[in-house]
Amino acid sequence: MADEAAGPAEGGERFDAVVVGAGISGLYALHRLRELGLSVRVIEAGDDVGGTWYWNRYPGARCDIESMIYSYSWSHELEQDWTWSERYAAQPEILRYLEHVADRFDLRRDIRFGTRVTAAAFDEDEQRWAITTDGGDALAASFLVMATGCLSVPRLPDLPGIERFAGAAYHTGSWPHEPVDFAGKRVAVIGTGSSSVQVVPAVAETAAEVVVFQRTPAFSVPAWNGPLDAEAVRERKEHYSEYRRLARETGGGNPWHTRKESVHDETPEQQQREFEARYALGGFHLHAAYYDLFTDAEANDLLSDFVRDKIRRRVNDPELAELLCPYDYPLATKRMCVDTGYYEAFNRDNVRLVSVRDTPIEEITEAGLRVGGEELRFDVIVFATGFDAMTGALARIDIRGRGGELIRDKWAAGPRNYLGLTLSGFPNLFTITGPGSPSVLSNMMVSIEQHVDFVADCIAHMRDKGFTTVEPTPEAEDGWAEHVRALGEASLYPRAKSARSWYMGANVPGKPQVLLPYVGGVGRYRRECERVVERGYEGFAFGVRQARREAPAPVATQGL
Ligand SMILES: Cc1cc2nc3c(=O)[nH]c(=O)nc-3n(C[C@H](O)[C@H](O)[C@H](O)COP(=O)(O)OP(=O)(O)OC[C@H]3O[C@@H](n4cnc5c(N)ncnc54)[C@H](O)[C@@H]3O)c2cc1C
């Protein structure tokens, strides 16, 4: 559709599409949209590609979905040429991979780095997005693709005195590029989620002392990480397309199906055997033991008991083990962690735990933290306190749709959209892995590729039909919101509200507490999207730009 007017324009450069973010989503979006012949500009706040893997450079950072499946599937040559060194690659290797992709497909020439998009407004007369950056650039684009990430806005705790600390302080989600030397240092790690379970064992190796401050204990299971066996790699590469197909069909985007059995179909001995076998495989294999683990509280209790028992066996001190066991939410309704030596780190003399439920952190002082009336002195504070997840990056940009409506305001009571991808009143805007899509409950690689493909196919469809705008109808949006809500209510996920799960927005004060991701799984979600397309983009309204400064004529509206 290459915009005949693409190129320099009054008030800024003009493109067919602007993509915000150069992580896994933005890189693939650039590649796909370029393939369609569109002029594309990517705007990225960081100084290079990688997104999550550019920002999260803390010691121990690695993926917890196996690398051979947490990697792009869209280039046969790429997946055959690239060889991962470990089952779960560490951050430097994942970043090298994304840099390699950027070089191999010559992506950098269309990316502007070190630039943050601050505002985007839909110009109803021109039917274009007018985009503004912190560098004062103005760009115009027919399509705006928000590849801004689900976990890209690090969150610091609301502790008094945070600016006062005289030592070094780092958030795991915006780690310095230079190595941080922990040797002989007294280190506080605040938080016990996925980043903390990775950073604690790594820092404990050299630090003089590590004190971990825990509010809500995590369920964590071993990754059993290690070097990849050459024969296993060869076999996977030979049958890659089969593994990829399977991953796209399953609930979590991994290449294995959830068993069809209910926990209640089997005896306690069979259940234990099943859990043991999956625990021995590591990571998220446990989730697929029975189909009702996340809808039936009793079933989940059995799995939770099993993992708590494993935690007790990994920690020498029984009292400490009990403190590390989560009791107040069903397993996986707050993100389950996958670790290498997290609990074992507490068996070291230089690591201890402070439960902030019993002794809250009162303030940050110049020398450290005041806890239970006592000042604990530290050289370094590591904030492993997570992110303003899923909506944070979008809410930080002034994105205005028709009539000047802000996404922030539209979502004041919780996100509403269609398929997690598009918003009524915001034509030609797409949100990759937005709320209401499986996103963070899945292998994100699978979800990202599916979203980007949907967007590219939709734009190609518009080009074929001569449409210039697309947006969902309000009815379609309502229908999707109800579908997402009903699936969520039928699951155990809302029970993690009291545990301040970020899936529920509950880790950010003032954020509406609604279940953000779609819990139906990637296979079901994909089928929903395919059904929408098969029915002629059911639920979407397309428009055609008639003449300058005339309203678009609605030409095709498919109700849900
Ligand atoms: C430590 C960690 C480990 C993870 N491990 C896994 C895993 O094992 N498996 C898995 O499936 N997922 C994992 N995730 C989730 C991970 O975020 C996704 O897998 C994936 O990397 C997301 O890619 P993305 O491109 O959508 O978003 P991101 O990688 O977050 O990239 C978004 C980019 O947008 C940029 N951006 C945001 N706002 C603006 C703006 N206004 N202007 C300009 N640029 C902007 C950001 O700087 C960022 O670079 C992990 C996340 C973290 C934090």
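Before going into details, it helps to say that this report is about the structure given with it. (Residues numbered from 1 in each chain as written. Predicted model: local features only at pLDDT ≥ 70, side-chain atom pairs only at ≥ 80, totals over all residues. Heavy atoms only, no water.)

If you tally the helices and strands in the protein chain, you get 16 helices and 22 strands. Relative to the compact-globule value of 24 Å for 560 residues, the protein chain shows a C-alpha radius of gyration of 24 Å, a close match. By its C-alpha atoms, the protein chain is 75 × 60 × 45 Å across when sized along the principal axes. Within the protein chain, the proportion of its 560 residues that are buried is 59%. Of the roughly 22,100 Å² that the protein chain leaves accessible, carbon and sulfur atoms contribute 49%. Mean positive and mean negative side-chain charge positions of the protein chain (62 and 83 charges, respectively) differ by 1 Å. (Helix = DSSP H or I, 4+ residues; strand = E, 2+ residues; numbered from the N terminus. Rg over C-alpha atoms; globule rule 2.2 N^0.38 Å. Buried < 20%, exposed > 50% of the residue type's maximum accessible area, 1.4 Å probe, protein only. Areas by Shrake-Rupley, 256 points an atom, 1.4 Å probe, with all protein chains shown as cover. Lys, Arg positive; Asp, Glu negative; His and termini not counted. Charge placed at Lys NZ, Arg CZ, Asp CG, Glu CD.)

To continue, consider the pattern of salt bridges. Close approach of charged atoms allows side chains of opposite charge to pair. Summed over the entire model, instances satisfying the criterion amount to 52 salt bridges. Of the charged contacts in the structure, one is a salt bridge between Asp106 and Arg109, with a shortest N-O distance of 2.7 Å. Accessibility expressed as a relative area gives 38% for Asp106, which makes it partly exposed. Among the ionic pairs, Lys511 bridges to Asp388, the shortest N-O distance being 2.6 Å. Of the two residues, Lys511 is situated in the loop between helix H15 (474-489) and helix H16 (522-534) and Asp388 in the loop between strand S17 (380-383) and helix H12 (392-395); the sequence distance between them amounts to 123 residues. Using a relative accessible area of 10% as the deciding quantity, one classes Asp388 as buried. Where salt bridges share partners, they join Arg259, Glu261, Glu266, Glu274 and Arg278 into one cluster. (Salt bridge = Lys/Arg side-chain N within 4 Å of Asp/Glu carboxyl O.)

The strand order across the open sheet built from three strands is S14-S15-S16, with neighbouring strands paired in antiparallel fashion. The open sheet has two edge strands with one neighbour each: strand S14 (361-364) and strand S16 (374-377). Within the sheet, the average angular offset between the axes of one strand and its neighbour, ignoring direction, is 25°. (Pairing = 2+ DSSP bridges. Axes fitted to C-alpha atoms, helices over the stretch in contact; angles between N-to-C directions.)

Moving on, we get to the site of the ligand. Taken together, 32 residues form the shell around the ligand, and within it Ser25, Thr52, Asp64, Tyr70 and Met444 come nearest. The separation between a nitrogen atom of the ligand and a polar main-chain atom of Ala45 is 3.1 Å. One of the backbone nitrogen or oxygen atoms of Val117 is found 2.9 Å away from a nitrogen atom of the ligand. Burial of the ligand by the protein chains amounts to 95% of its free accessible area of 980 Å². Broken down by secondary-structure element, the contributors of at least two residues to the shell around the ligand are helix H1 (24-35), helix H2 (52-55) and helix H14 (444-465). Here the element with the most residues in the shell around the ligand is H2; it accounts for three residues. Split into classes, the residues belonging to the shell around the ligand amount to 17 nonpolar, twelve polar and three charged. (Near = heavy atom within 4 Å. Polar contact = N/O pair within 3.5 Å; in protein donor to acceptor, adjacent residues only side chain to side chain. Nonpolar A, V, L, I, M, F, W, Y, C, P; charged D, E, K, R; others polar.)

Moving on, we get to the pairing of strand S20 (residues 469-472). Of the two faces of S20, the one lined by Thr469 and Glu471 and the one lined by Val470 and Pro472 are each fully buried. Sheet topology places S20 next to strand S21 (residues 540-544); four bridges connect them, and they run antiparallel. In the sheet register, Val470 faces S21, and the bridge partner there is Phe542.

Core analysis: the largest hydrophobic core is formed by 140 residues, its most contacted members being Leu33, Tyr72 and Leu419. Sorting elements by how many residues they give to this core places H14 first, with twelve residues. (Core = buried A, V, L, I, M, F, W, Y, C linked by side-chain atoms within 4.5 Å.)

This next bit is on helix H7 (residues 240-249). Within H7, burial applies to Tyr240, Tyr243, Arg244, Leu246 and Ala247. Looking straight down H7, one finds that the buried residues subtend no more than 160° of arc, so they occupy a single side. Buried positions along H7 lie against helix H3 (76-81), helix H6 (230-238), H14 and H16. (Arc of directions from axis to C-beta. Contact = heavy atoms within 4.5 Å.)

This part takes up the packing of helix H8 (residues 268-281) against helix H9 (residues 297-314). Contact geometry of H8 with H9 gives a least axis separation of 11 Å together with a crossing angle of 55°. Our classification of the angle between H8 and H9 gives oblique. In this structure, the crossing between H8 and H9 has a hand that is right-handed. Mapping the contact onto sequence places Gln271, Gln272, Phe275, Glu276 and Tyr279 in H8 and Leu302, Leu303, Phe306, Lys310 and Arg314 in H9. (Parallel < 35°, antiparallel > 145°, perpendicular 65-115°, else oblique. Left-handed = near helix turned anticlockwise from the far one by under 90°.)

This part takes up unusual backbone geometry. A positive phi angle, close to 50°, is found at Asp106, a residue other than glycine. Note on placement: Asp106 falls in the loop between helix H4 (91-104) and strand S4 (111-112). With a phi angle near 55°, Trp224 is a residue other than glycine that sits in the positive phi range. Looking at Trp224, the relative accessible area reads 46%, which means it is partly exposed.

The next subject is the environment of Val200. Inspection of the secondary structure assignment puts Val200 in helix H5 (residues 194-204). Residue Val200 is classed as buried on the basis of its relative accessible area of 0%. Separated by eleven residues in the primary sequence, Val200 and Val211 have C-alpha atoms spaced 9.1 Å apart. Here Val200 is in contact with Val189, Val212, Tyr342 and Ala345, once residues within four sequence places are set aside.

In this section: the side chain of Thr250. Here Thr250 lies in the loop between H7 and H8. Take Thr250: its relative accessible area is 4%, and that puts it in the buried class. Only 3.2 Å separates the side chain of Thr250 from the backbone oxygen of Ala247, close enough to count as a polar contact. When residues no more than four places from it in sequence are discounted, the contact partners of Thr250 are Trp256, His257, Val522 and Gly523.

Within a pair of aromatic rings, the relevant descriptors are the distance that separates the centres and the angle that separates the planes. Under the defined criterion, the tally for this structure stands at 34 aromatic pairs. Each ring, one from Phe275 and one from Phe306, has its centre 5.4 Å from the other, and the planes form 45°; the classification is tilted. Placement of the pair is Phe275 in helix H8 and Phe306 in helix H9, with a sequence separation of 31 residues. You can call Phe275 buried: its relative accessible area is 0%. One aromatic cluster is present, formed by Tyr418, Phe454, Phe467, Trp480, Tyr518, Tyr525, Tyr537, Phe540 and Phe542 through successive ring pairs. The cationic tip of Arg57 hangs over the ring face of Tyr54; the distance from NZ or CZ to the ring centre is 4.9 Å. Of note, Lys310 hangs over the ring of Tyr279, and the distance from its end group to the ring centre comes to 4.9 Å. (Phe/Tyr/Trp six-rings, centres within 6.5 Å; stacked < 30°, edge-to-face > 60°. Lys NZ or Arg CZ within 6 Å of the ring centre and 35° of its normal.)

Purely spatial values, then, with no claim about function.
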